[in-house]
Amino acid sequence: EDQVTQSPEALRLQEGESSSLNCSYTVSGLRGLFWYRQDPGKGPEFLFTLYSAGEEKEKERLKATLTKKESFLHITAPKPEDSATYLCAVQGPYSSASKIIFGSGTRLSIRP
Amino acid sequence: EPEVTQTPSHQVTQMGQEVILRCVPISNHLYFYWYRQILGQKVEFLVSFYNNEISEKSEIFDDQFSVERPDGSNFTLKIRSTKLEDSAMYFCASSGGLAGRGEQFFGPGTRLTVL
């Protein structure tokens, strides 16, 4: 069964303290791995798509990387406004309009 | 920037009542989805829709649920007889990727409370 596991569940950092969030996945025939940001009471906000091992994407203080078994979201010199839950999701080789399967997320809190 | 919109933002209903949740996907997207998130839990897939028919549905999406694209812009989720356990955030999403591959863009959600 396809599965997405994220760690840690929660992470508290000081402003400027860099770290990484982990997403390990098992899916037969990965079509895409996605990172989303979710603020409390809001919908997931798209950040990155990664399609193949070795691929990297960057946006401001965030950088996502992908291997054959896991993905990392690196956050460099975070600011309090980066506090949110970060969700990892995968899309497998299903039908058209394929679903994506989400992990439980990492709750990131940045202290000023 | 184009975005997915959803109405209402919050719906309160009595158990056994019918509710319709509405979504306007991004205008040039062809693939549409409903997901839900029970408080404190994962976002979970309900149903996908393409070319005016259901493409895939989860075990959650039983006979009490239905989806419709009544016109060229709206996409709706109907729950015929709500149960307490249907209380959740419901998210609509759309995708423009070829064959439904690629990122899905989510709306702000409708919080459904069943009393």
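Conventions adopted
Residues numbered from 1 in each chain as written. Chains lettered and ligands numbered in written order. Predicted model: local features only at pLDDT ≥ 70, side-chain atom pairs only at ≥ 80, totals over all residues. Heavy atoms only, no water. Pairing = 2+ DSSP bridges. Helix = DSSP H or I, 4+ residues; strand = E, 2+ residues; numbered from the N terminus. Axes fitted to C-alpha atoms, helices over the stretch in contact; angles between N-to-C directions. Disulfide = S-S within 2.5 Å. Buried < 20%, exposed > 50% of the residue type's maximum accessible area, 1.4 Å probe, protein only. 1 Å grid on protein atoms, 1.4 Å probe; cavity = no way out; pocket = protein on both sides within 12 Å on 5 of 7 lines; lining within 4 Å. Points joined across faces, edges and corners; volume = space filled by probe spheres on them. Nonpolar A, V, L, I, M, F, W, Y, C, P; charged D, E, K, R; others polar.

Asker: I'd like to hear about the sheet that holds strand 3 (residues 19–26) of chain A, residue by residue, with values.
Answerer: Residues and elements named next belong to chain A. The strand order across the open sheet built from five strands is 1-3-8-7-6, with neighbouring strands paired in antiparallel fashion. The open sheet terminates on both sides in strands that have one partner only, identified here as strand 1 (3–7) and strand 6 (56–59). For this sheet, the mean inter-axis angle between neighbouring strands, taken without regard to orientation, is 15°. Both strand 1 and strand 3 contribute to a ladder of five bridges, which runs antiparallel. Bridge pairing links Ser 7 to Asn 22 in strand 3.

Asker: Which residues make up the state of the cysteines, and what values do they have?
Answerer: The tally for this structure, following the rule as stated, stands at two disulfides over all chains. A:Cys23 shares a disulfide with A:Cys88; S-S distance 2.0 Å. Looking down the S-S bond of the A:Cys23 and A:Cys88 bridge, the torsion is -65°, so its handedness is left-handed. Residue A:Cys23 is found in strand 3, and its partner A:Cys88 is found in strand 9 (residues 84–91); the two are separated by 65 residues along the sequence. Assessed through its relative accessible area of 0%, A:Cys88 is described here as buried. What pairs with B:Cys23 in a disulfide is B:Cys92, and their sulfur atoms sit 2.0 Å apart.

Asker: How would you explain the sheet that holds strand 1 (residues 5–7) of chain B if you had to name every residue and give the values?
Answerer: Residue and element names in this part refer to chain B. Strand order in the open sheet made by the four strands is 1-3-8-7, with antiparallel pairing throughout. Single-partner strands in this sheet number two, and they are strand 1 and strand 7 (65–68). In this sheet, adjacent strand axes meet at a mean angle of 20° when their direction is disregarded. Sheet topology note: the strand 7/strand 8 (residues 75–79) ladder contains four bridges and is antiparallel. When the sheet's bridge partners are listed, Phe 65 is paired in strand 8 with Ile 79.

Asker: So, the layout of surface pockets: which residues are in play, and what are the values?
Answerer: Considered as a void within the structure, the largest pocket measures approximately 540 Å³ in volume. In terms of lining residues, the largest pocket is bounded by 28 residues, among which A:Gln38, B:Gln37, B:Leu39, B:Gly40 and B:Gln41 are the most central. When residues of the lining of the largest pocket are traced back to their parent elements, those giving at least two are strand 9 and strand 11 (106–111) of chain A together with strand 9 (88–95) and strand 11 (110–114) of chain B. For the lining of the largest pocket, the per-class residue count stands at nine nonpolar, 13 polar and six charged.

Asker: Please provide a residue-by-residue account of unusual backbone geometry, values included.
Answerer: Residue A:Pro8 is reached from A:Ser7 by a cis peptide bond, and omega for that bond is -10°. Following the sequence through the fold, A:Pro8 ends up in the loop between strand 1 and strand 2 (10–14). Cis rather than trans, the peptide bond between B:Thr7 and B:Pro8 has omega equal to -10°. On the secondary structure map, B:Pro8 appears in the loop between strand 1 and strand 2 (10–13). Non-glycine residue A:Ala77 carries a positive phi angle of around 50°. For A:Ala77, the position within the fold is in the loop between strand 8 (70–75) and strand 9. Under the relative-accessibility criterion, A:Ala77 is labelled partly exposed at 36%. A positive phi angle, close to 65°, is found at B:Asn52, a residue other than glycine. Looking at the secondary structure, you find B:Asn52 in the loop between strand 5 (43–50) and strand 6 (53–57).

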